[in-house]
Each structure stands twice: as C-alpha cells, then as structure tokens.
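Breakdown of the fold
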Amino acid sequence: MHPSRPRAAWRFALAACVLLALPAMAAPQDQAPDKRIDPFYDPEATAPYRTWDSTPAITMPPLLLDVSDTSVVVEWMTDSDSDGVVHYGEHALDHTATAQREGLLDVGTFHRVVIEGLQPGHTYQYQVASRRVVALNAYWPERGRTVKSAVARFATLDPARPTARFAAITDTHENVPRIRTLLDEIGKSPVDFVAHLGDSINYAVSEQQLKNVFLAPAAEALGGATSMFYVRGNHEYRGPFARALGPYLHAQDARYDFVRDDGPLHLIAVDTGEDKPDETNVYAGLNDLRDYRRQGLARFGQALAGARTRSAPFTVVLGHQPTWGWTGGDNAQWTRLANQAKVDLFIAGHVHRFMHIKPGEWGNDFPILVVGQDQVAWVEADERTLKVRVTRTDGTLVDSFTLERRRK
Ligand SMILES: [Fe+2]
C-alpha cells in the first residue's frame, strides 16, 4: 500500500464534507450582497483574486481624437498600470469599449480606446475608467481599485447635415500657454472638431514630454467634448521617441493620412513628411521617406478618386507643409492630383506666419492657406459656400474669404 494513501483519503473525505456543508454555511439567498440595492456592495473588494487598496490617478483627462460619423478615439493617462474602459451611450452609460489587443486587455499608463458602431450626428455621454493592475501573474493577477473620469459628452460627425464648422491651429511647438490660449479661443465658438496641423513638439523625447507639452494641455482645454484631428508635422519625425508617437497621434486605422466627411466638407488629411531629403546629413542615414511618400501620393490619389470628392460640395485638404514637404521630386504630382480632383482648399502650417497663396501662384488651382503660429483658421461650410476666417488669439481678423461651390 502506498504510504500517502490514507492521508490522501482523509483529505478527500474532509473536502467532501466541507463541500456538502457549504450550502448550509452560505448566507441565505435574500441576504446575499445585491449591488442594485446595497450601497456598500464592493465587487472589487470581494473579488476572488488578490486586490490591493490602490487606486490609479488620472494624470491626463480624456482627449478625443479622430471623430468620424460612427466612431471616435478616446485617450487618457493614469499614474500607474491599469486597464482602460470607456462606458458610453446616448441616454445612459450602458455600453462599454475596452483597450485591448489580440485578446488581452491593454495594461499600462496610456489608454487608447476606439469606440465604434455609433450613429452619425448623435450625441453620446461617456466616462473613462481604469482599474489598477498591481501584478501581471500568469494566474491570479493582482488588481487594485478603479478610477473614473467625470461624465462628458461628444457628438459624431454627420455627412448628411447641411452645415459644418471647424477650426485649425498649427505649430504649437511645445509652448503650453500658446496651445491653451488657442484652444480657449476656439472654445468660445461651437465647432465640430479642431485640426492640429502638426509640429506640436520640437522633437519627441518621451511619453511624459508629449503629455506635458501637448496632450494634457490639449485634453484639458478641449474638455473631453471636442475631438481633434492630428496632422503630422516634420518635427514629429525627430527625436528618440519619434518612432513611438503613432499610438498617441494616429487616426483610427493607425495612419497619419485619413479621410473624413462632415456635412458639406470632404476632408483629406495628408502626411507631408520631412522637409529635407533622406540623404541630408542631419538624419545620419536613418530616414527613408522616399517610398513612404510615394505610397502617400498613391493614397492621396485614391482618396481624391472617391465618389465623395465629386459629390461633396467642398473638398478640403489638411497638411503640414504647404509645398507637400520633401517628396523626392513628386511635389508637382501632388498639386496635379489636387487640381484634377478640383480640391477647393488646402490648409497648412509649417511656415509660422500667415500666407494666402492664391490659385495659380504655385501651380495650384485652389487657394492654399498657411496658418500662422498664434492664429486660428475658422472654416464654415454650407452646401453653396465655404467661408474662411483667420484670426489672432485676441480674436482680431487676419484674413477672410468665401469660396463658392464649383461644378465637379
Ligand atoms: Fe514644420
């Protein structure tokens, strides 16, 4: 007989007794915690895995990015590792979207959740929540408590509505008072979204730097209610953290070029790359934009070839460099494609001062508006006219003009 058998049998008998006794030992059903009526019910404290009394702090409030007619990106940061969940809905917080990748919830201090399946032109309330992750054990990871943001509201775009309105700023270059002043000025008037046309940083150093000099001030000023479109500038190509910027600034499909429709506006955002050839010594052989820009040109052509370019009252291109940047010699091709598609307006930055390049001046059949560093471009469209105003941060006027709808 195996020496351990009597001991094993005794254990089995004891376990069976305990299991049989459990129903009698358990609290009657009507005394079980009921989270619907018991204000002290705390599922986190009673979780079957180890839970610490540790709650993350939200160090960057929710920033909305790249809103479309059916979706939006929500980003926020916490001071410690946690998961990321957005509770949202039209009339109640009755839907959830999580930050997850390939079957695992994201765990970290930066949280990016894409909410999909929304209705065009509808307003939604939402609240972000992050629950602390203390230890990522293989089994029985250890958790903490949940922090929640205030409830805020946003509206999706609606390609079918008769009017649209947005504001564009650019080249804030790590100047926090500048971005606060610009966004506070924009906040005085309702807009569907704000476009930042690039160079929010001088060069990318770290997540903390990006948060401190751009993301957090922008999130605070926009109040989690107005979405931003981010257009990549040449300075976003530089620095030790440049290769990691995508998740913070990308549009929904993890690209820097994208197409959105807002009422009469067909918007095409392009990535105008670096401002010097790949071979320039300052890049030390680490830039290879030649093929990337050729692919960008092809994607620009595909975007312009879409039916919406012909049917939308106005097509507006958003980019950083008004000359399309360093393209390896294809600059005229970008202009030619835009001319062929009857682009109505190109809004750019990069130069740090206002310019209004009229049709014909640079081979362009459309005006090119270059927004200065401390200026706001306001664009307002209905089905017949597109009105543009550029103002300084004190509200004084720099330029204004109106474009009439063209036959396409
Ligand atoms: Fe620039």
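A brief look at the structure comes next. Source: prediction; values computed, not measured.

**Some details on the environment of Asp-275**
- Counting through the fold element by element, Asp-275 comes out in the loop between strand S15 (265-269) and helix H5 (289-305).
- By C-beta crowding, Asp-275 is classed as partly exposed, having 16 other C-beta atoms within 10 Å.
- In the structure, Asp-275 is positioned 48 residues away from Thr-323 in sequence and 9.4 Å away in space, judged by C-alpha atoms.
- Contacts of Asp-275, omitting those with residues within four sequence positions, involve Asn-234, Gln-321, Gly-325 and Trp-326.

**Some details on helix H2 (residues 176-186)**
- For H2, the set of buried residues is Ile-179, Leu-182, Leu-183, Glu-185 and Ile-186. Buried residues of H2, viewed axially, fall in a sector of 155°; they line one side. Across from the buried face of H2, at angles greater than 90 degrees, the exposed residues are Pro-177 and Asp-184.
- Check the buried side of H2 and you find it contacts strand S11 (164-169), strand S12 (193-196), helix H3 (207-222) and strand S20 (375-381).

**A closer look at unusual backbone geometry**
- Of note, Lys-342 is a non-glycine position whose phi angle comes to about 55°, a positive value.
- Note that Lys-342 resides in the loop between helix H7 (331-340) and strand S17 (345-348).
- On the neighbour-count criterion, Lys-342 (16 C-beta atoms within 10 Å) is partly exposed.

**Side note on the nonpolar core**
- Of all hydrophobic cores here, the largest spans 89 residues; its most connected members are Leu-63, Val-74, Met-228, Leu-318, Ile-347 and Ala-377.
- Looking at which element gives the most residues to this core, the answer is H3, with seven residues.
- Here this core gathers at least three residues from each of two domains, domain 1 (58-155) and domain 2 (164-404).
- Met-228 has contacts with Leu-63, Leu-64, Leu-65, Phe-193, Val-194, His-196, Ala-218 and Leu-222, leaving out every residue within four places of it along the chain.

**What about the packing of H5 against H7?**
- Two numbers describe how H5 lies on H7: the axes approach to 10 Å, and their chain directions differ by 5°. By the angle between their directions, the pair H5 and H7 is classed as roughly parallel. Contacts from Leu-297, Phe-300, Gly-301 and Leu-304 in H5 reach Gln-333, Trp-334 and Leu-337 in H7.
- Of the residues assigned to the contact of H5 with H7, the class counts are five nonpolar, two polar and no charged.

**Let's talk about the environment of Thr-51**
- Looking at the element boundaries, Thr-51 is found in the loop between helix H1 (5-25) and strand S1 (58-65).
- Classification of Thr-51 as partly exposed rests on a count of 19 C-beta atoms within 10 Å.

**Examining the environment of Ala-92**
- Its place among the elements puts Ala-92 in the loop between strand S3 (85-89) and strand S4 (95-98).
- For Ala-92, a count of 9 C-beta atoms within 10 Å corresponds to the exposed category.
- A C-alpha to C-alpha distance of 8.6 Å links Ala-92 and Tyr-126, two positions 34 residues apart in sequence.

**Focus on the sheet that holds S17**
- Spatial ordering of the open sheet is given by S14-S15-S16-S17-S19-S18, a layout of six strands whose pairing is mixed. Whereas interior strands pair on both sides, the edge strands pair on one side only; in this sheet they are strand S14 (258-262) and strand S18 (355-357). Averaged over all pairs of adjacent strands, the angle between their axes in this sheet comes to 20°, without regard to strand direction.

**Section: H3**
- The sharpest bend along H3 measures roughly 40° and falls at Leu-215, with the proline Pro-217 sitting one to four residues further on.
- Three or more residues of H3 are buried, namely Leu-210, Lys-211, Val-213, Phe-214, Leu-215, Pro-217, Ala-218, Ala-219 and Leu-222.
- Buried residues belonging to H3 abut S1, strand S2 (72-82), H2, S12, strand S13 (227-230) and helix H4 (246-249).
- A positive phi of about 65° marks Gly-223, the residue just after H3.

Procedures and definitions
Residues numbered from 1 in each chain as written. Predicted model: local features only at pLDDT ≥ 70, side-chain atom pairs only at ≥ 80, totals over all residues. Helix = DSSP H or I, 4+ residues; strand = E, 2+ residues; numbered from the N terminus. Buried ≥ 20, exposed ≤ 12 C-beta atoms within 10 Å, placed from the backbone. Contact = placed C-beta atoms within 7 Å. Arc of directions from axis to C-beta. Core = buried A, V, L, I, M, F, W, Y, C linked by C-beta atoms within 7 Å. Domains from an automatic or database assignment. Axes fitted to C-alpha atoms, helices over the stretch in contact; angles between N-to-C directions. Parallel < 35°, antiparallel > 145°, perpendicular 65-115°, else oblique. Nonpolar A, V, L, I, M, F, W, Y, C, P; charged D, E, K, R; others polar. Pairing = 2+ DSSP bridges. Bend = angle between axes of the 7 residues up to and from the residue.

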